[in-house]
Amino acid sequence: MSGSPTLGRSRSVVVDGWFGGSDPWPCVSPERLALLKRLEADFSPLEDGATGTRVGIGVATGADGVFLTEDASLVEQERLLPLVMGRDTASGRIEWSGNHLVNPWEDDGSLADLERYPKLRRYFEAHRERLSDRHTAKKAPERWYRTIDKVAYELTGREKLLIPDIKGKAHPVLDPGGYYPHHNLYYVVSDAWDLRVLGGILLSRLGQFFVECYSVRMSGGYLRFQAQYLRRIRVPDSGDITAEQAERLRRAFDERDIKRATAVALEVYGVEQIPD
């Protein structure tokens, strides 16, 4: 990688390699492009099998008006799954609105037998026309009451970072375990990371820098924090972060302090500043 030669009023940068695959090419300033390429070369992607770090999305139903409820007595208790919505994360902490998923899935991945759950059967039958009219039901009419996505039960009790899709700034929120995410939330789980430390990195301007480079900015300046972009964020090896830096990242994450999180992230990545 070389410096940025000046060509009249234009600016350019020469990099050692270009972008492969089918992902969109970043459309950013030469200085940002140079930094992005250096970080991509020096650090590993967020989603990494070696650390068990995985990015996913919450459950899509195809009929939220049927599958989502705040009525805890609507169907059998074992058929209700506490569901966290994007708006429940607005404060930076989960403030649960009381929504549940009317859950048609057993923990082995099979559809529940409606004969075993008379309240569930009556409820779904009352909405059969609407549920059967969905594309996912037309493909398999005998499974007309399924949600688009299966429910992975183990995710509910697992610690995870929740990231709303459409935001002006990165907004990772910790779920210590207890909720299943709705499909307007992406989640990050890991076998290696302290998720508060990782949350501090993702909260920082450097964490957002990656999404700004990869994502198309929407009307109003909003970004799409989708899995395809989150997976490409580069992160250091968690073992390369000192105990002091880790504690500062935890505190910055807990206090939603983007400035302090950014200061530590710049240290960790060896970056002096983030170019415009």
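Residues numbered from 1 in each chain as written. Predicted model: local features only at pLDDT ≥ 70, side-chain atom pairs only at ≥ 80, totals over all residues. Heavy atoms only, no water.

A. Here's a closer look at the pattern of salt bridges. In the structure shown here, the tally under the stated rule is 18 salt bridges. In this structure, Asp 42 and Arg 38 form a salt bridge, with 3.7 Å as the shortest nitrogen-oxygen distance. Residue Asp 42 and its partner Arg 38 are both found in helix α1 (residues 30–42); the two are separated by 4 residues, about one turn of the helix. A network of salt bridges, in which partner residues are shared, links Arg 79, Glu 106 and Arg 116. (Salt bridge = Lys/Arg side-chain N within 4 Å of Asp/Glu carboxyl O. Helix = DSSP H or I, 4+ residues; strand = E, 2+ residues; numbered from the N terminus.)

B. Broad picture of the nonpolar core. Counting residues in hydrophobic clusters, the biggest one holds 41 residues, and the most contacted among them are Leu 39, Leu 198, Phe 209 and Tyr 269. Looking at this core, the elements with two or more residues in it are α1, β8 (160–164), β12 (185–189), α6 (195–203), α7 (205–214), α8 (227–230), α9 (243–254) and α10 (258–269). With 6 residues, α7 is the largest single contributor of residues to this core. With residues up to four places along the chain from it excluded, the contact list for Phe 209 reads Arg 32, Leu 35, Leu 36, Leu 39 and Ile 274. Counting residues in each nonpolar core, the second largest holds 34 residues, with Ala 63, Leu 114, Phe 124 and Leu 185 among its members. (Core = buried A, V, L, I, M, F, W, Y, C linked by side-chain atoms within 4.5 Å. Buried < 20%, exposed > 50% of the residue type's maximum accessible area, 1.4 Å probe, protein only. Contact = heavy atoms within 4.5 Å.)

C. Examining the sheet that holds strand β6 (residues 80–84) more closely. Taken in spatial order, the 4 strands make up an open sheet running β5-β7-β6-β11, and their pairing is mixed. Each edge of the sheet is formed by a strand with only one pairing partner; in this case those strands are β5 (68–69) and β11 (180–181). Inspection of the sheet shows β6 paired to strand β7 (residues 100–102) by 3 bridges, in the antiparallel sense. Bridging from a neighbouring strand, Leu 80 pairs with Val 102 of β7. (Pairing = 2+ DSSP bridges.)

D. α10, seen in detail. The end-to-end C-alpha distance of α10, which contains 12 residues, comes to 16 Å, matching closely the 16 Å that a straight helix rising 1.5 Å per residue would cover. Those residues of α10 that fall on the buried side of the exposure criterion are Ala 261, Thr 262, Val 264, Ala 265, Leu 266, Val 268 and Tyr 269. Lining the buried residues of α10 we find α1, α6, α7, β14 (234–235) and α9. Sitting at the head of α10, Asp 257 places a side-chain oxygen 3.3 Å from the backbone nitrogen of Lys 259. Note on α10: the residue one or two positions beyond its end, Gly 270, has a positive phi of about 70 degrees. (Expected span 1.5 Å × (residues − 1). Polar contact = N/O pair within 3.5 Å; in protein donor to acceptor, adjacent residues only side chain to side chain.)

E. Region of interest: the pairing of β8. Within β8, 5 of the 5 residues are buried, leaving the element largely enclosed by the surrounding structure. Burial of β8 is two-sided: the residues Lys 160, Leu 162 and Pro 164 facing one way and the residues Leu 161 and Ile 163 facing the other way are all buried. Here β8 runs beside strand β10 (residues 173–175); their pairing, made up of 3 bridges, is antiparallel. Along β10, the bridge assignment pairs Leu 162 with Val 173. As paired elements, β8 and β12 share 4 bridges and run antiparallel to each other. Considered in β12, the bridge of Ile 163 is made with Tyr 186.

Remember, this is a structural readout, not a statement about activity or role.
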